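# Understanding the architecture of this molecule
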Amino acid sequence: GNDAGWTQIERDQVPIFDDDVACILEYTAYHTVAEGYGGIGMVVKHGDSLVEKLERAKVLCLEKKKPVVVNVLLGSSTFREGSISV
């Protein structure tokens, strides 16, 4: 998924240094990059059905004989909080 940040790094950096410098990013348009290389790009935003998008991606891949990038935009979470990042 695409969480618009270096969340794994931020998880340790903020408590240690009290600063999130270089951790917060803009969402990357990986779906557009795929199209630039001749593939098919799709984006999944909040409220979209992930299952429907993935099923559509599979159909497009088989029909068009091209790779499909499904860019899933994620929100922030506490997933893996407390884990060790190296």
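As a reminder, the structure under discussion sits directly above these lines.
Residues numbered from 1 in each chain as written. Predicted model: local features only at pLDDT ≥ 70, side-chain atom pairs only at ≥ 80, totals over all residues. Heavy atoms only, no water.

### A few points about helix α3 (residues 50-64)
- Over its 15 residues, α3 runs 21 Å from end to end, which matches the ideal 21 Å to within 8%, given 1.5 Å per residue.
- Of the residues one or two after α3, Lys65 is the one with positive phi, at around 55°. (Helix = DSSP H or I, 4+ residues; strand = E, 2+ residues; numbered from the N terminus. Expected span 1.5 Å × (residues − 1).)

### A short note on the pairing of strand β1 (residues 40-44)
- Here β1 lies mainly inside the structure; five of its five residues are buried.
- With burial as the criterion, each face of β1 is covered, one bearing Ile40, Met42 and Val44 and the other bearing Gly41 and Val43.
- Judged from the five bridges that link them, β1 and strand β2 (residues 68-72) form a sheet pairing that is parallel. Its bridge partner lying in β2, Val44 is registered against Val72. (Buried < 20%, exposed > 50% of the residue type's maximum accessible area, 1.4 Å probe, protein only. Pairing = 2+ DSSP bridges.)

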